[in-house]
Each structure stands twice: as structure tokens, then as C-alpha cells.
Amino acid sequence: MSSAQSLIDSGRADIVAGRPTSVAHLFQERVAATPSGEAYRYPVPVDEHAADSAPGAEQWRSLTWAQTASRVYAVAAGLLALGIRPEDRVALASSTRLEWVIADLGNMCAGAATTAVYPSTNADETAFILSDSGSRAMFAENAAQLAKAVAEQDRLPELRTVILFDAPAEAPETGGLKVITLAELEQLGTEHLAGHPDAVEKTIAGLDKEQLATLIYTSGTTGRPKGVRLVHDCWAYEGRAQEASGLLAADDVQFMWLPLSHVFGKTLISGQIATGHVMALDGRVDRIIHNLPVIRPTVMASAPRIFEKVYNGIAGRARAEGGAKYKIFMWAAKTAREYARVVQENRVATGADSAPLGLRLQHALADKLVYAKIRTAFGGRLRGAVSGSAALAPEIGYFFVGAGVPILEGYGLSETSAGSCVNRAEDVRVGTVGRALPGTEVRIAEDGEILLRGPGVMRGYHNLPEKTAEVLEADGWFHTEDIGELSPDGFLRITDRKKDMFKTSGGKYVAPSEVEGKFKAVCPFVSNILVIGNGRNYCTALIALDETVIMPWAADHGLGGRPYAEVVADPQVNKLIEGFVKRLNGDLQRWQTIKKFHLLPRDLDVEHGELTPSLKIKRPVVEKTYADAVAGMYAGANEA
């Protein structure tokens with residue numbers, strides 16, 4: 001291994017070193033510091049009986065930190081009254097909403113450990129997670145989540161109580177479980193506090209930094225998920241580190257739609273508590289576009305797929321308008337990328353953000369014609385959009401940076417409490433995941449694997465000591481299974497997943513994510529792409545198109561009224577995508593080029609098990625599902 005390169009920002013390390021014992025302590029500090037400050041915003045339906053209300057209308061309400069604390073402590077006291085004790089696991093199966101945060105903080109203030117469960121997880125895997133974690137209680141968003149536990153109750157001997165966020169219209173089947181609503185739990189807690197007013201404070205005071213706070217199960221691209229053990233110190237560190245890095249600030253308004261069951265969303269709650277800024281919560285993906293101009297966030301986080309879809313949507317609309325508008329967009333997109341590249345190169349070389357006068361003038365004109373509209377669509381105040389969970393195509397990154405919507409690509413895993421490295425708004429370096437957060441160390445092993453060490457690293461996999469030993473060294477270094485490079489000034493670049501890289505039959509290594517990212521940059525119609533070629537004598541690809549972009553194109557080319565599956569099977573569409581594949585191949589090494597491709601009859605999704613909840617492709621699942629198509633692309637080939 002190479003010598004360790006510590007990336008601790010010594011000028012900001014004190015705030016991290018002096019962190020409190022837990023997020024519960026951090027929460028207490030925040031409430032004491034800004035009790036009347038706005039903490040959370042959340043949507044509620046407008047009274048349908050109001051004279052000026054429209055069907056489905058919503059309004060946003062707020063909670064102050066003091067009001068949030070009142071609810072959190074009531075939940076914590078309610079759990080104590082139910083017999084929940086330190087490190088007891090309490091599951092949480094819900095989409096992103098205010099109640100998720102209230103329940104999670106209530107868990108931690110009661111000394112319990114949250115077992116995070118994606119609401120999209122099926123009954124079998126939900127039962128596995130509840131059983132493996134030994135969860136004694138469960139917060140469930142609605143009757144559908146409750147039904148998963150009831151259906152698999154014989155596998156859940158530890159589970160006793162389910163707390164529903166949304167009370168069903170009719171009494172649900174409980175299978176003998178004790179079922180109460182969140183409101184009833186809060187009432188129970190209020191009554192418990194009346195007799196034991198210091199119960200929650202005493203519990204928080206007794207927390208230890210190494211006490212289990214969260215079990216997050218890896219979404220896993222193969223096999224059963226593993227429970228990642230994250231202790232109180234992990235989250236306290238993440239809160240202080242995000243604050244110290246400048247990633248989040250006290251005057252921010254953050255739009256949170258990411259799944260809080262995923263470590264990426266969860267870690268940002270810690271940062272929000274540390275800084276005390278406002279967080280607007282709404283996990284409905286179909287409401288993102290509607291919410292942005294209402295919330296007008298200064299910061300938001302997302303998976304790369306959302307930024308790719310936004311770019312494809314903009315490009316698709318410009319293409320549909322045709323003529324001068326499309327030419328203007330293409331010119332503006334090229335200008336944005338060139339401007340962002342030149343400024344970044346000059347910043348690295350000289351420390352100054354600069355560009356030639358001619359390019360600056362072009363950029364200013366493009367800003368008036370195109371970029372300003374893009375910023376307005378994001379709410380008009382966005383100073384940074386954090387991207388994580390998968391690689392962002394650099395061409396997409398350059399476009400948005402050049403358009404004044406800097407995407408701050410970051411890096412982390414469930415095993416590192418998510419936050420390990422991130423770009424800062426004042427120093428974005430596209431193509432990298434930025435520098436390490438204060439207190440985290442990075443080094444590159446001899447084989448190129450990225451190793452991480454710091455307070456955010458897990459304490460092991462739940463009930464899997466052998467698996468833990470495979471990735472976590474005795475001195476704290478965690479093996480990420482990612483391949484990367486570290487610049488002299490500490491910027492980390494991810495080149496691929498160690499287990500995803502493959503070797504062709506000709507002995508050449510291929511990093512599929514690199515090829516896939518390049519294709520997403522040149523083809524505005526792609527939704528997902530999977531490059532194949534392990535042990536083969538050439539590379540192929542399975543490609544799924546973005547329905548919202550390809551269908552308008554289809555309508556303009558005589559294919560209107562046909563279903564998606566028929567559209568992608570049409571020779572015109574095949575020829576269209578073939579053109580982009582040829583463009584891609586022009587930028588690749590010979591052994592990386594895509595010789596053949598197959599357009600899928602539908603997009604990949606979580607429901608069919610092809611994507612993880614964080615939208616990573618489950619490569620083995622997709623290859624198995626479309627095995628016939630893969631075989632067809634290699635039919636007659638001389639396989640070595």
C-alpha cells in the first residue's frame with residue numbers, strides 16, 4: 001500500500017474533534033441554541049372545504065426547533081413506556097416525510113437503534129431485515145407496510161408493536177401485533193413525561209458514543225443485504241464534519257426528497273441539526289418539479305439519475321422545438337461545458353477562476369438565453385446540488401456547473417455513514433468526488449483500491465464477523481472495493497467498482513461505468529445502460545431509453561400512438577441510437593467500443609429487482625433477465 005495521505009483540514013478540525021456524544025446531544029444543543037428558529041417544512045392538503053381550494057391543493061407548514069423537540073421527546077418517552085431499552089432495534093419503514101425524522105430522532109433520544117427499511121422492499125426481504133436486526137417495534141408509514149410484517153409474522157418473534165403514521169380508514173389485520181398510531185404513541189409519551197419529566201433527558205445523558213444508533217442494510221446488488229452497524233459517534237461526527245466543511249450553512253434551505261432509509265439522505269439530517277438550517281421534506285419524486293419553485297432551496301441532494309433526466313428533458317424539449325431554438329441550446333450546452341472546463345483548469349493551475357474574454361462574452365449571452373431559465377426551474381437560489389450514490393457523467397457535471405447550477409459530487413458508502421468526500425461550492429472539480437471531510441482519511445492501496453478511515457466508518461456488519469473482517473482492518477482502514485486516484489491536493493477520482501471491472505478475452509480491462517457515463521453524456525435519450533464483455537472478445541450493451549424523451553421524438557417521426565415497447569423496437573429508433581453509439585465509440589479505446597447493443601422493452605426499475613432503492617443497477621439480475629438478448633449479441637462470435 002502507498003503511504004497514507006491524511007486529508008484532515010486542520011483549520012476546521014477542532015469543531016469535529018469537539019463533537020458531542022450523539023445526535024441526540026447535538027439535537028439538544030440545537031434546540032437550546034435556536035428554539036424559535038424554523039426547523040422543518042412539510043406539505044399538507046388544503047382544507048377541501050375552503051372556498052378557494054382546488055382538488056389536490058397543498059400548502060407548506062413549519063415546525064420550529066422547540067416544536068420539533070416537543071414531538072421528538074414525546075415519541076422517545078412513548079417508546080420508553082412501551083419497554084424499549086438502550087440498543088433495542090426499532091424499525092422504520094416509510095417514505096421521506098416529517099414523521100420519518102420525528103420517529104428516528106425519537107428512537108435515538110430513547111437510546112434505541114433505528115433499523116431503516118425502504119418502503120419499496122417486498123415482504124420477504126422486509127421480514128429478513130426485521131428478523132436479522134431483532135427489531136422489537138416498527139414505525140410503519142401505512143397499512144401496506146404493516147401488512148408486510150403481518151404476512152411474515154411467524155418469522156418475527158421479537159416484533160411486538162407497530163406504530164402507524166397514517167391511520168387506515170378501516171381497522172387493519174394485525175395478526176396479534178399491538179398496533180397504535182403515531183399520535184397515540186405521542187400521547188402515551190406525554191403521559192409518561194407527566195410522571196417522569198426527566199426520563200428522556202436521563203436516557204440521553206446515559207448514551208455512549210459507541211452505542212448502536214442505526215442499522216442500515218446495504219441494498220446489495222447480489223444476495224441478502226448486510227446490516228451496517230453505525231454508532232452514535234458516526235452521526236455526531238457526520239453532523240459536525242458537514243458543518244465544518246462548509247457543505248451546509250445556517251442560512252440554507254435544503255430540499256430533502258431522497259429516501260431517508262438510505263444512508264445518503266440520513267446523513268444529511270445530522271448536518272442539518274448541526275447547522276440549524278431549514279429542511280423541506282417531501283419524498284414524492286413526482287412532486288420534485290412542482291416543489292422546487294415553491295421551496296426555492298439553496299441546497300439539495302440527489303442521485304445522478306435525476307440530473308441526467310433533467311438534462312435529457314431540457315435537450316429533448318429543445319429538440320422538439322427544432323430550428324433556431326435547438327441550435328441555440330446546443331451552442332449554449334457546448335459553451336457551458338467549455339467555460340466550466342477552462343475555469344476549472346485555470347483554478348487548478350493558478351488558483352484564479354478565469355476564462356478568455358471571448359469565452360466569457362459567449363457565456364454571458366448563453367446565460368441570458370438559456371442558463372437563467374434552468375436556474376429558475378431549480379428555484380433560482382440553488383448554490384449547490386450534492387450528487388451521490390453513483391457516478392455522475394462528467395459531461396453532465398460540466399454542463400450544470402457552466403449553467404450556474406454547480407453539482408457537488410460526493411462519495412461515501414453505507415459503511416462510512418455516507419459522507420466521506422465531497423466537492424465544495426467554491427472549488428468544484430468535475431470528474432472527482434472532491435476532498436475528504438475534516439476528520440476522514442483516504443489512501444490508495446497498491447492495486448488502486450480506495451481505503452477510508454475515520455469516525456464515520458461502521459463498527460462492523462451485524463451478526464457477520466467474517467464479512468466484517470474481509471473489509472475492515474484492525475487499525476480502522478475500510479476497504480471500499482472502489483478503484484480510484486488521489487491528486488496531490490487531495491481530490492479523489494473514482495474510476496470504477498473493483499468487482500464491476502472485467503477483462504475481455506483479449507486480456508484488456510474495461511471499466512464499464514466509465515463507458516456508461518460517456519454514453520449518457522452523448523445520448524439524450526438514454527435512461528440506463530449496462531456494458532457487458534467479461535470474458536468475451538468484444539463489448540456489448542443493454543440500453544433502456546427515457547420514455548419521457550423518446551416518446552415525443554417518436555410522435556414527430558410517424559410513431560405516435562404506439563406503446564413504448566413498440567417504439568423502441570422500431571428500426572428508426574434503433575438507427576437513432578446507433579448513431580449515438582458510433583459517437584461514443586469514437587472516444588473509446590478499441591477494446592472498449594460497443595460492437596452491438598440491444599434496446600430493452602422497458603426501463604429498469606426497483607419493482608423488478610433490477611435497480612437498488614438508491615438506483616444502482618443490479619448487474620447480475622439484469623444480465624439474467626435479458627440473457628437471451630445478450631446471447632443474441634454474441635451469437636456466431638468466435639469466443640475465446
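Whatever comes next refers back to the structure up there.
Residues numbered from 1 in each chain as written. Predicted model: local features only at pLDDT ≥ 70, side-chain atom pairs only at ≥ 80, totals over all residues. Heavy atoms only, no water.

Caption draft 1: Quick peek at the environment of Ala 17. As for its placement among the helices and strands, Ala 17 is situated in helix H1 (residues 13-17). What makes Ala 17 exposed here is its relative accessible area of 64%. A C-alpha to C-alpha distance of 44 Å links Ala 17 and Lys 334, two positions 317 residues apart in sequence. (Helix = DSSP H or I, 4+ residues; strand = E, 2+ residues; numbered from the N terminus. Buried < 20%, exposed > 50% of the residue type's maximum accessible area, 1.4 Å probe, protein only.)

Caption draft 2: Inspection of helix H9 (residues 232-245) at higher detail. The end-to-end C-alpha distance of H9, which contains 14 residues, comes to 20 Å, matching closely the 20 Å that a straight helix rising 1.5 Å per residue would cover. For H9, the tally of buried residues reaches 13 of 14 residues, placing the bulk of the element in the interior. Where H9 terminates, the next one or two residues include Gly 246, which has phi positive at roughly 85°. (Expected span 1.5 Å × (residues − 1).)

Caption draft 3: Just unusual backbone geometry, in detail. A positive phi is found at Ser 417, a non-glycine position, where the angle reads about 60°. Residue placement: Ser 417 occurs in the loop between strand S15 (407-411) and strand S16 (421-422). Residue Ser 417 is classed as buried on the basis of its relative accessible area of 0%. Phi angles above zero are rare outside glycine, and Asn 463 is one such case at about 65°. Tracing the chain through its elements places Asn 463 in the loop between strand S19 (449-453) and helix H16 (465-471).

Caption draft 4: Layout of the sheet that holds strand S24 (residues 526-532). Pairing is mixed in the open sheet, where three strands are placed in the order S24-S25-S26. Edge positions in the sheet fall to S24 and strand S26 (594-599), since each has one partner strand and no second. Along the sheet, successive strands turn relative to each other by an average axial angle of 25°, direction set aside. Together, S24, strand S25 (539-545) and S26 form the strand contacts of helix H22 (residues 627-634), whose direction differs from that of S25 by roughly 135°. (Pairing = 2+ DSSP bridges. Axes fitted to C-alpha atoms, helices over the stretch in contact; angles between N-to-C directions. Contact = heavy atoms within 4.5 Å.)

Caption draft 5: Seen up close, the nonpolar core. Counting 130 residues, the largest nonpolar core has Tyr 40, Phe 139 and Phe 400 as the members making the most contacts within it. In contact with Phe 139, not counting residues within four places along its chain, are Val 75, Leu 79, Val 90, Ala 91, Leu 92, Ala 93, Ala 103, Asn 107, Ile 163, Phe 165, Leu 182 and Leu 185. Grouped together as the second largest cluster of nonpolar side chains are 32 residues, Val 531, Ala 541, Tyr 564 and Val 567 included. (Core = buried A, V, L, I, M, F, W, Y, C linked by side-chain atoms within 4.5 Å.)

Caption draft 6: Local environment of a nonpolar patch on the surface. On the surface, Ile 328, Leu 365 and Leu 369 cluster together into a nonpolar patch covering about 230 Å² of accessible area. Along the chain, Leu 365 falls in helix H14 (residues 357-377). (Patch = residues over 30% accessible without salt bridge, like charges linked within 9 Å, V, L, I, M, F, W, Y side chains within 5 Å. Areas by Shrake-Rupley, 256 points an atom, 1.4 Å probe, with all protein chains shown as cover. Salt bridge = Lys/Arg side-chain N within 4 Å of Asp/Glu carboxyl O.)

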